[in-house]
Amino acid sequence: MEKLIIQGGQPLVGDVHIEGAKNAVLPIMAAALLAEDGPVEFTNVPILSDVFMMQDVLKSLEAQVNFDEAHNKLVIDATQPLNFEAAFEYVSKMRVQSSLWGHF
């Protein structure tokens, strides 16, 4: 494990931007379908083709999805009745690890 050692007696000030991870955001997007109490908001969402494809999958299930790429913010509202079957045209294009799909 790497670490930083700070010397000098000065307080640290500033921001660090951490990129979002595809392998984390895709299953979390799917889990947003379970929310009953309103829209789910995600920040720091990476701008990747798989995120757009998952957005299309969720929309094919009738979830409301809004991805603000300028701010890396994604809002998913699945509170209305949803379809039970995702459109194959989108699911077949997903490059998600096959081990993830075994859990759904």
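Residues numbered from 1 in each chain as written. Predicted model: local features only at pLDDT ≥ 70, side-chain atom pairs only at ≥ 80, totals over all residues. Heavy atoms only, no water.

A. Spotlight on the overall build of the chain. When you go through the chain residue by residue, the secondary structure sums to four helices and three strands. Reading the chain from its N end, one meets helices and strands in the order α-β-α-β-β-α-α. Evaluated residue by residue, the chain yields a buried proportion of 27% over its 104 residues. In the chain, of all internal contacts separated by at least 6 residues, the share reaching a separation of at least 24 is 62%. (Helix = DSSP H or I, 4+ residues; strand = E, 2+ residues; numbered from the N terminus. Buried < 20%, exposed > 50% of the residue type's maximum accessible area, 1.4 Å probe, protein only. Contact = heavy atoms within 4.5 Å.)

B. Structural view of helix H2 (residues 49–60). Its 12 residues place the ends of H2 17 Å apart at the C-alpha level, agreeing with the 16 Å of an ideal helix rising 1.5 Å per residue. Those residues of H2 that sit buried are Asp50, Val51, Met53, Met54, Gln55, Val57, Leu58 and Ser60. One or two residues past the end of H2 sits Glu62, with phi positive at roughly 80 degrees. (Expected span 1.5 Å × (residues − 1).)

C. Highlighting the pattern of salt bridges. Going through the model one piece at a time under the given rule, you end up with one salt bridge. The partner of Lys73 in a salt bridge is Glu41, and the shortest N-O contact between them spans 3.7 Å. Of the two residues, Lys73 is situated in strand S3 (residues 73–77) and Glu41 in strand S1 (residues 40–42); the sequence distance between them amounts to 32 residues. (Salt bridge = Lys/Arg side-chain N within 4 Å of Asp/Glu carboxyl O.)

These results come straight from atomic positions and should not be treated as a statement about function.
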